[in-house]
Amino acid sequence: MDRWAVKYQDAEFICVSCAGPSLASQFERELQLRHCKVATLPPRSQPRWGQLGCNGFIVLDADHQVVSRATSPWLQAKDFAFEHVEALLDALVTGHTPPSVCPGQLVRLHGLEKNPSLNGQKGVCIRSGDDGRCEIRLQLAQKSVSVKAANLRKLQKAEHDDQAHYEDALASLREGHQQHDESPDEAERGVQDS
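Helix and strand content of the protein chain: 7 helices and 9 strands. Burial statistics for the protein chain: of 194 residues in total, 38% are counted as buried. Contacts spanning at least 24 positions in sequence make up 48% of the contacts within the protein chain whose residues lie at least 6 apart. Summing over all exposed atoms, the protein chain offers an accessible surface of approximately 11400 Å²; the carbon and sulfur share of this is 50%.

Following this line, the structure appears as structure tokens:
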């Protein structure tokens, strides 16, 4: 978080302790938070939504409006969780609209006309592009496809509580399959949506 505070100097980063001032001091010391604000809130003032720390971040815009109640949890998405936060921050600090789907988010494909057999498949977003397309690592097919964000539905927590969805998709990436499995020409013909 401290690295983000240095990189995104137009943003503020606040580490809120859910367990009182002693934990806040411990976090500040152990995480070497020199560029972040560290605070505590009384138990009754804690947000009733969102996730904190390793379970994700709450992101607000310059007007203090919620952009993300909970980014992808690091405990599940690993480095993609940081990419999720950075995708939001990159958009916010440059005045662009944040992407609707970010790295680390679980999605279901729908509305694909050129390759309808992929409709209904689940996957993990591994890259969101400026062109409105996302690279999705499919869970069952063990390949990556490029899909318009409009053809993705983010899965709700109840639909992806099972860690296996992340592990299946991310395990194949860790095994060295990080390259897009289809050439751009193949993707254009068969996998990309209309």
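In regions of low pLDDT, the predicted coordinates are not meant to be interpreted in detail. Overall, the prediction assigns the protein chain a mean pLDDT of 79, with 76% of residues at 70 or greater. Every residue in residues 176-194 is under pLDDT 50, and counting partners more than four places away or in other chains gives 37 contacts.

Further remarks concern the packing of aromatic side chains. Applying the stated criterion across every chain, the model contains 3 aromatic pairs. Considering the side-chain rings of W4 and F82, the 5.9 Å spacing of their centres and the 70° angle between planes classify their relative orientation as edge-to-face. Taken together, the positions of W4 in helix 1 (residues 2-7) and F82 in helix 4 (residues 79-93) put the pair 78 residues apart, joining distant regions of the chain. Through successive ring pairs, a cluster of aromatic residues spans W4, F13, F57 and F82.

Our next topic: the side chain of H84. One can find H84 in helix 4. Within the structure, H84 has its side chain in polar contact with the side chain of S72 (distance 2.8 Å). Residue contacts for H84: discarding those within four places in its chain leaves S68, T71, S72, C102, P103 and Q105.

Time to look at the nonpolar core. The biggest cluster of nonpolar side chains holds 13 residues, and the ones touching the most others in it are L109, C134, I136, V145 and L152. Looking at this core, the elements with two or more residues in it are strand 5 (106-109), strand 7 (133-138) and strand 8 (144-148). Top contributing element to this core by residue count: strand 7, with 3 residues. With residues up to four places along the chain from it excluded, the contact list for C134 reads V101, C125, R127, S128, V145, S146, V147, A149 and L152. Grouped together as the second largest cluster of nonpolar side chains are 9 residues, W4, Y8, C15 and L33 included.

The next point concerns the state of the cysteines. Tallied over the entire structure, the rule returns 0 disulfides. For the unlinked cysteine C15, the closest cysteine sulfur is that of C36, found at 7.4 Å. Looking at C134, it has no disulfide partner, and the nearest cysteine sulfur is the one in C125, 4.3 Å off.

Right, let's talk about the pattern of salt bridges for a bit. A complete count under the given rule lists 2 salt bridges for this structure. Ionic pairing is found between E12 and K37, a salt bridge with its closest N-O pair at 2.9 Å. Of this pair, E12 sits in the loop between helix 1 and strand 1 (14-17) while K37 is found in strand 2 (residues 37-40), placing the two residues 25 residues apart along the sequence. Exposure remark for E12: the relative accessible area of 58% places this residue in the exposed category. Judged by its relative accessible area of 47%, K37 falls in the partly exposed class. R127 is the salt-bridge partner of E135, the closest N and O atoms lying 2.2 Å from each other. With a relative accessible area of 9%, E135 lands in the buried category. Among the residues examined, R127 registers a relative accessible area of 47% and is labelled partly exposed.

A few words now on the environment of R3. With respect to the element layout, R3 can be found in helix 1. Among the residues examined, R3 registers a relative accessible area of 75% and is labelled exposed. Each C-alpha atom, one on R3 and one on L33, is 9.0 Å from the other, the two residues being 30 residues apart in sequence.

What counts, and where the lines are drawn
- Residues numbered from 1 in each chain as written.
- Predicted model: local features only at pLDDT ≥ 70, side-chain atom pairs only at ≥ 80, totals over all residues.
- Heavy atoms only, no water.
- Helix = DSSP H or I, 4+ residues; strand = E, 2+ residues; numbered from the N terminus.
- Buried < 20%, exposed > 50% of the residue type's maximum accessible area, 1.4 Å probe, protein only.
- Contact = heavy atoms within 4.5 Å.
- Areas by Shrake-Rupley, 256 points an atom, 1.4 Å probe, with all protein chains shown as cover.
- pLDDT = per-residue confidence, 0-100.
- Phe/Tyr/Trp six-rings, centres within 6.5 Å; stacked < 30°, edge-to-face > 60°.
- Polar contact = N/O pair within 3.5 Å; in protein donor to acceptor, adjacent residues only side chain to side chain.
- Core = buried A, V, L, I, M, F, W, Y, C linked by side-chain atoms within 4.5 Å.
- Disulfide = S-S within 2.5 Å.
- Salt bridge = Lys/Arg side-chain N within 4 Å of Asp/Glu carboxyl O.

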